[in-house]
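# Commentary on secondary and tertiary structure
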Amino acid sequence: MLNIRQIDGKDYVFCVWRRKFVRLTPEEWVRQNFLHALVAQGYPQERIAVEASIAVAELQKRCDAIVYDGQLQPVCIIEFKAPTVSLTQKVFDQVSVYNRRLCVDYFILSNGREHTACLVAPTGYTRLEALPTYQQLCQKK
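Residues numbered from 1 in each chain as written. Predicted model: local features only at pLDDT ≥ 70, side-chain atom pairs only at ≥ 80, totals over all residues. Heavy atoms only, no water.

### Here we look at the overall build of the chain
When helices and strands are tallied, the chain shows 3 helices and 9 strands. Ordering the α and β elements of the chain from the N terminus gives β-β-β-α-β-β-β-α-β-β-β-α. For the chain, the C-alpha atoms occupy an extent of roughly 50 × 30 × 30 Å along the three principal directions. The contacts of the chain with a sequence gap of at least 6 include a subset with a gap of at least 24, amounting to 42%. When the 18 positive and 14 negative side-chain charges of the chain are each reduced to one mean point, those points stand 3 Å apart. (Helix = DSSP H or I, 4+ residues; strand = E, 2+ residues; numbered from the N terminus. Contact = heavy atoms within 4.5 Å. Lys, Arg positive; Asp, Glu negative; His and termini not counted. Charge placed at Lys NZ, Arg CZ, Asp CG, Glu CD.)

This is the structure:
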């Protein structure tokens, strides 16, 4: 259950990963619900970083979420969009840019209505039938 409160007439949600209340935008609603669902399915909460800053081509970018393995190595990038935003090739390309820096084997995209998980290979990516478990993410390829 999300901890939502109004501050100055606007909705905020408590983000357990950032340890603070953040503005409850449509994208944030997707992020919070999706990440809580992953934790309920066995993803360790402490191995998920939200709004993680990474350097890409001399620019600072922020990944919506990164999942880490037991050795604190990144294993999955998660990109969230508002429910009104389609998961287009542009969204896949955005994650691909982040992955040039992180070199993970998986990424997940969600707009709250549609979820897509992909296995990354040197020649591109393959869409998976289902979201990978945390154990699957941590298996070395």
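### Here's the deal with the sheet that holds strand β1 (residues 4-7)
Strands sit in the order β1-β2-β3 across an open sheet of 3 strands; the sheet is antiparallel. With one partner strand each, in any of the chains shown, β1 and β3 (20-23) form the two edges of the open sheet. The mean inter-strand angle of the sheet, taken between neighbouring strand axes irrespective of direction, is 45°. In this sheet, strand β2 (residues 10-15) lies alongside β1 in antiparallel orientation, the contact comprising 4 bridges. Paired with I4 across the strands is V13, a residue of β2. Helix-sheet contacts for helix α1 (residues 26-40) involve β2 and β3, and the interaxial angle to β2 is about 30°. (Pairing = 2+ DSSP bridges. Axes fitted to C-alpha atoms, helices over the stretch in contact; angles between N-to-C directions.)

### Quick notes on unusual backbone geometry
Positive phi is not limited to glycine here, since R19 has a value of about 55°. Residue position: R19 is located in the loop between β2 and β3. The class of R19 is exposed, set by a relative accessible area of 68%. The phi dihedral of E51 is positive, around 55°, even though this residue is not glycine. (Buried < 20%, exposed > 50% of the residue type's maximum accessible area, 1.4 Å probe, protein only.)

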